[in-house]
Amino acid sequence: MSSRIVPIAYFSVNYTLDKPDTLNNVRVVLSNTSHPGNIGAAARAMKTMGLQNLYLINPRRFPDQQADAMAASAADVLQNAVVCGSLDEALQGAVLVAGMSARVRDISQEVLTPREAMPQMVQQATQQPVALLFGTEISGLTNDELARCHFMVRIPVSPSYTSLNLAAAVQLICYELRLAAGQDEYVPPELSPAPAEQVERYFRHLEDTLIEIGFLREKQSTKLMQKLRRLYARARLEHEEVNILRGILTVTTEYNTQQKLEDQKKLSE
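Figured I'd write up the structure that's included with this text. Owing to the predicted nature of the structure, the values given are computational and were not obtained by experimental measurement.

**Re helix H6 (residues 114-125)**
Spanning 12 residues, H6 covers 16 Å between terminal C-alpha atoms, matching the ideal 16 Å at 1.5 Å per step. The set of residues buried in H6 consists of Pro114, Ala117, Met118, Met121, Val122, Gln124 and Ala125. Summarising the axial view, the buried residues of H6 lie within an arc of 165°, below the 170-degree limit, and thus occupy one face.

Put into structure tokens, the structure is as follows:
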């Protein structure tokens with residue numbers, strides 16, 4: 001299996017919705033899957049709904065005969081799966097990320113049902129790649145993984161028994177995605193968001209700058225940065241906006257350095 005990420009074609013703003021091409025701009029990302037059978041079953045669930053792009057982050061066992069057996073006639077999805085060593089690699093190029101979470105979190109992040117969320121994913125997929133992110137079978141997505149998502153998606157299951165098999169969750173989400181893609185027409189999205197890797201570089205730049213100017217202390221950084229990530233997730237930053245914000249950070253750092261030099265000069269006089 002190749003770990004190389006194959007670029008997915010971007011569409012022009014005048015692109016008329018073609019359902020197979022739109023679904024090809026959607027990737028299903030499974031993070032740290034522990035049982036290979038679930039990978040195979042997820043591949044089968046994807047193929048029945050017309051999805052082909054499967055990304056695996058550090059699967060415990062893959063490739064594996066159990067995955068092949070559970071995939072049935074979806075062996076091609078497994079054969080073309082992209083095995084990634086990190087979340088950064090799996091989200092490369094994606095501009096909209098939906099995180100699947102069954103647990104109630106102490107995180108003030110937008111939570112949507114699949115029927116509310118999937119039209120947004122399809123609309124953006126008419127132009128740029130999007131990602132559906134699923135966590136490990138036992139505990140789901142980590143807080144750090146959810147911080148990389150623009151919103152959470154929660155399947156409305158029975159409150160008396162919320163346990164849902166990973167492949168079953170993939171099947172439900174892909175079904176709702178296909179329903180959403182069946183709409184007659186989608187207006188191209190107003191925004192052309194920056195890809196995940198560009199936004200992530202901005203967050204690293206932002207954290208470094210806030211620490212350097214003394215606004216952020218390392219013990220406070222995780223919680224505050226999560227809040228800042230949620231703020232910017234709502235804003236859906238575009239490419240030029242990220243460049244503007246990073247320019248501000250650069251000037252801020254330069255000014256801070258100059259002030260320190262001037263203060264040292266005054267003390268030495």
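So that's the structure; there's more coming.
**Digging into the environment of Ala71**
When you line up the elements, Ala71 lands in helix H3 (residues 65-71). Taking the C-alpha atoms as reference points, Ala71 and Ile39, 32 residues apart in sequence, are found 7.8 Å from one another. For Ala71, the contacting residues outside a window of four places in its chain are Gly40, Ala41, Arg44 and Leu78.

**Comments concerning the pairing of strand S2 (residues 53-57)**
Burial within S2 is extensive, with four of its five residues counted as buried. As paired strands, strand S1 (residues 26-31) and S2 are joined by five bridges and run parallel to one another. Paired with Arg27 across the strands is Asn53, a residue of S2. In the classification by handedness, the crossover that spans S1, the intervening helix H2 (residues 36-48) and the parallel S2 is right-handed. Bridging between S2 and strand S3 (residues 82-84) involves three bridges; their strand directions are parallel. Residue pairing across strands places Tyr55 opposite Val82, the latter belonging to S3.

**Some points on a nonpolar patch on the surface**
Where nonpolar side chains cluster on the molecular surface, the patch consists of Val157, Leu164 and Leu172 and spans about 210 Å² of accessible area. Considering the arrangement of structural elements, one finds Val157 in the loop between strand S7 (151-153) and helix H8 (166-181).

**A look at the layout of surface pockets**
If you add up the space inside the largest pocket, you get close to 520 Å³. Considering the residues around the largest pocket, the lining is formed by 25 residues, among which Ser101, Ala102, Gly140, Thr162 and Leu164 are closest to the centre. For the lining of the largest pocket, a count of residues per class yields 13 nonpolar, eight polar and four charged. Computed from the structure, the second largest pocket encloses a volume of approximately 230 Å³. Lining the second largest pocket are Asp144, Ala147, Arg148, Glu200, Phe203, Arg204, Glu207, Ser221, Thr222, Met225, Gln226 and Arg229. For the lining of the second largest pocket, the elements supplying multiple residues, two or more each, are helix H9 (196-212) and helix H10 (218-235). Ranked by residue count, the leading element in the lining of the second largest pocket is H10, at five residues.

**Considerations on the nonpolar core**
Core analysis: the biggest nonpolar cluster contains 45 residues, and Val28, Leu54, Leu132, Phe134 and Val170 have the highest contact counts within it. Top contributing element to this core by residue count: H8, with eight residues. When neighbours within four sequence positions are excluded, Leu132 is seen to be in contact with Val26, Arg27, Val28, Val29, Ala98, Met100, Met118, Met121 and Ile173. In this structure, Leu87, Ala90, Val97 and Cys149 belong to the second largest nonpolar core, which totals 17 residues.

**Examining unusual backbone geometry**
For the bond running from Phe62 to Pro63, omega is 0°, close enough to zero to count as cis. Position of Pro63 among the secondary structure elements: in the loop between S2 and H3. A positive phi angle, near 45°, is found at Asn58, a position not held by glycine. Following the sequence through the fold, Asn58 ends up in the loop between S2 and H3. We note that Ala72 has phi near 55°; this positive angle belongs to a residue other than glycine. Structurally, Ala72 can be placed in the loop between H3 and helix H4 (75-79).

Rules of the game
All residue numbers refer to positions counted from 1 along the written sequence of the respective chain. Only residues with pLDDT of at least 70 are given local features in this predicted model, and only at 80 or more are side-chain atom pairs given and counted; all residues enter the totals for whole chains, interfaces and linings. Only hydrogens and water are removed before side-chain values are computed, so all heavy atoms of the structure are retained for them. Runs of E in the DSSP output that reach at least two residues are strands. Runs of H or I that reach at least four are helices, and both are numbered from the N terminus. Multiplying one less than the number of residues by 1.5 Å gives the expected span of a helix. Only protein chains enter the accessibility calculation, which uses a 1.4 Å probe; a residue is then buried when its area is under 20% of its type maximum, exposed when over 50%, and partly exposed in between. Taking the helix axis as origin, the arc is that swept by the directions to the C-beta atoms. Two residues qualify as a contact provided that any one of their heavy atoms is within 4.5 Å of a heavy atom in the partner residue. We treat two strands as partners when DSSP finds at least two bridges between them. The definition of a right-handed crossover adopted here requires that, viewed with the strands pointing away, the path from the first strand over the helix to the second runs clockwise. Excluding any residue in a salt bridge, patches collect residues exceeding 30% relative accessible area, merging like charges within 9 Å and nonpolar Val, Leu, Ile, Met, Phe, Trp and Tyr side chains within 5 Å. Surface exposure here means Shrake-Rupley accessible area, sampled with a 1.4 Å probe, where a residue is shielded only by the protein chains that are shown. Throughout this description, the term salt bridge denotes a Lys or Arg side-chain nitrogen within 4 Å of a carboxyl oxygen of Asp or Glu. The definitions used throughout rest on a 1 Å grid laid over the protein atoms alone, on which a cavity is an enclosed set of points accommodating a 1.4 Å probe that cannot get out and a pocket is an open set flanked by protein within 12 Å on both sides along at least five of seven lines; lining residues are those having an atom within 4 Å of a point. Grid points are joined across faces, edges and corners, and a volume is the space filled by probe spheres set on the points. Charged means Asp, Glu, Lys or Arg here, nonpolar means Ala, Val, Leu, Ile, Met, Phe, Trp, Tyr, Cys or Pro, and polar covers whatever is left, Gly included. Residues enter a nonpolar core if they are buried and are Ala, Val, Leu, Ile, Met, Phe, Trp, Tyr or Cys, with the set joined through side-chain atoms within 4.5 Å.

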